[in-house]
Amino acid sequence: MAFRIYNTMTRSKEELVPLDGKHVRMYTCGPTVYNYAHIGNFRAYMFEDLLRRYIKFCGFGVTQVQNLTDVDDKTIRSSIEQGLPLRKYTKKYIEAFFDDLAKLNIEPAEHYPAATDHIPEMIALIETLFEKGYAYQSDDGSVYYSIDKFPTYGKLARLDREGMQSGARVDQDEYDKDNAADFALWKAYVPEDGDVVWDSPWGRGRPGWHIECSAMSMKLLGESFDLHTGGVDNIFPHHEDEIAQSEAATGKPYSKYWMHCGYLVVDGRKMSKSLGNFYTLREILDMGYTGREVRYELLSAHYRQSLNFAFKSLDANRAALKRLDEFYANMVEAAGTETEAGKLPAWASGTRAAFAEAMDDDLNISGAMATIFDMVHAGNKAMAEAPITGKEALAVSNLWKELDAVLGILMPPEGQVDPEVAGLLEARTVARTEKNWAESDRIRDRLAELGWTVKDTPEGPKLRKL
RNA sequence: GGUGCGGUAGCCAAGCGGUUAGGCAGUGGAUUGCAAAUCCACCUAGAUCGGUUCGACUCCGAUCCGCACCUCCA
């Protein structure tokens, strides 16, 4: 089977075949570091994480670049408001971003280029566009890209270029542009920019938004690379403009595939501050949910579908994860000290292939999760009838880890049994043999306060992290 | 106006032209000192109206409803 992905450019599913046949070079649009990222942002980063993990599962190598947009209207405005230099201001949010990624068990990308570290590359790219006749300078000193010079402009978004003049948000004041839809490559300095300014052949100013991604992606991945991703809202104008800039400058195809994830919505509406349905990851963790539960939630719908975020789903995820943890804990116990994995039991033998078949179909996460729950169900049923061997259990446990390399939610959180807990468990066992149920239940309540649940089984009491 | 996505059982969410998706919640039972966990059983849907077909949730058409994008929002 082959991994097939939905390419926004062709609007169809295509087999992922890296340009060099074995290594996928991917560029994933990253955060604007002016605030803590919200869970809608993380939906996109989660999709990209699942994608890179599955690409690796398929046996390809991966080089992922994720940019940090640290210069734009928002970062400038906020840093001035707080009286901080731009870099000092964004540093806080860059650190918070990496912190949040770790909490969500998102694998780090290979490169995190910051826009402010690549101004010379952007200037060089704009110069090339000037040489080739795609760029022009307007009266206010800003440099624009002339979309009329790029015949295929609009191919990604499938824009009706004639119909664009009826668009809702065309700026009425931009008299000095050749075409209202031309976009800025370089923005001339304005006082609102404070000390955020660079010299360029066209005067002092700062780069436009789109140029950073073109400059940094081509620097780190080459003029043509495999995969470019982002949220659906990036299709236009951001990605359309990147294509126009990059392909005009190099004369070569830019990204081979384009993938875009749908929105995370809250109560059926796009998250926004004005609607009051805006959540950062931090806020959710402060409410007592774990990064793992949030990860499960962000992973739970197909990436191109909009995902309705709800706290009651988070609660449901907790129950589902508990069930998975229980199964895995049983495997670990059954494996004991066994070091040599045997054959998978019949109920687990088809799981890997079924999982891959689902994921091969444009990351069908729902189908993939179903194969795991099917295995858990079948395994529990089989083990209720006959125990499995340590070798079999170890094989299942290895499979579990292999699948978790893709999902990142299967492995239970680390929970060490400290001496106090072990002592309580021992005391409870004594109380139970004496049939002192009041004492036994009191200790069980105490263990629950410490975050442990105890279950009595034919093999003796077992502890589980709550 | 243009472009795109969607409407599936109490909730979330998939595949599929004919065979139980899955998860959560709920109900009954087994098990348990009581629990927990587990197992068994039940809960079996496809916005509306047409069409194609031996047969449609699945294909086609229309309608209704929801959401998003249309110049810097993942």
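Structure first, text after, so check above.
Residues numbered from 1 in each chain as written. Chains lettered and ligands numbered in written order. Predicted model: local features only at pLDDT ≥ 70, side-chain atom pairs only at ≥ 80, totals over all residues. Heavy atoms only, no water.

Q: Lay out the packing of helix α11 (residues 351-360) against helix α12 (residues 365-385) in plain terms, naming residues and giving numbers.
A: Where α11 meets α12, the axes come as close as 7 Å, and the angle between the chain directions of the two elements is 165°. When the axes of α11 and α12 are compared, the pair comes out roughly antiparallel. Considering only the axes of α11 and α12, their crossing is right-handed. Between α11 and α12, the contacting residues are Thr351, Ala354, Phe355, Ala358 and Met359 on the first element and Ile365, Gly367, Ala368, Thr371, Ile372 and Met375 on the second. (Axes fitted to C-alpha atoms, helices over the stretch in contact; angles between N-to-C directions. Helix = DSSP H or I, 4+ residues; strand = E, 2+ residues; numbered from the N terminus. Parallel < 35°, antiparallel > 145°, perpendicular 65-115°, else oblique. Left-handed = near helix turned anticlockwise from the far one by under 90°. Contact = heavy atoms within 4.5 Å.)

Q: Can you lay out the sheet that holds strand β12 (residues 269-270) for me, pointing to particular residues and giving the numbers?
A: Taken together, the 3 strands give an open sheet; going across it, the order is β12-β11-β13, and neighbouring strands pair in mixed fashion. This sheet does not close on itself; its edge strands, each paired only once, are β12 and β13 (307-309). Here strand β11 (residues 264-266) pairs with β13 via 3 bridges, running parallel. When the bridges of β13 are listed, Leu264 appears paired with Leu307. (Pairing = 2+ DSSP bridges.)

Q: Give me the lowdown on the environment of Glu414, citing residues and values where you can.
A: With respect to the helices and strands, Glu414 occurs in the loop between α13 (390-407) and α14 (419-433). Taking relative accessible area as the criterion, Glu414 reaches 71% and is therefore assigned exposed. (Buried < 20%, exposed > 50% of the residue type's maximum accessible area, 1.4 Å probe, protein only.)

Q: Outline the packing of α14 against helix α15 (residues 437-449), listing residues and values.
A: Running from N to C, α14 and α15 point in directions that differ by 160°, and their axes come no closer than 8 Å. Our classification of the angle between α14 and α15 gives roughly antiparallel. Regarding α14 and α15, the two cross each other, and that crossing is left-handed. Across from Glu420, Val421, Leu424, Ala427, Arg428, Ala431 and Arg432 in α14, the residues of α15 making contact are Trp437, Glu439, Ser440, Ile443, Arg444, Arg446 and Leu447. A breakdown of the residues in the contact of α14 with α15 according to their chemical character gives 7 nonpolar, 1 polar and 6 charged. (Nonpolar A, V, L, I, M, F, W, Y, C, P; charged D, E, K, R; others polar.)

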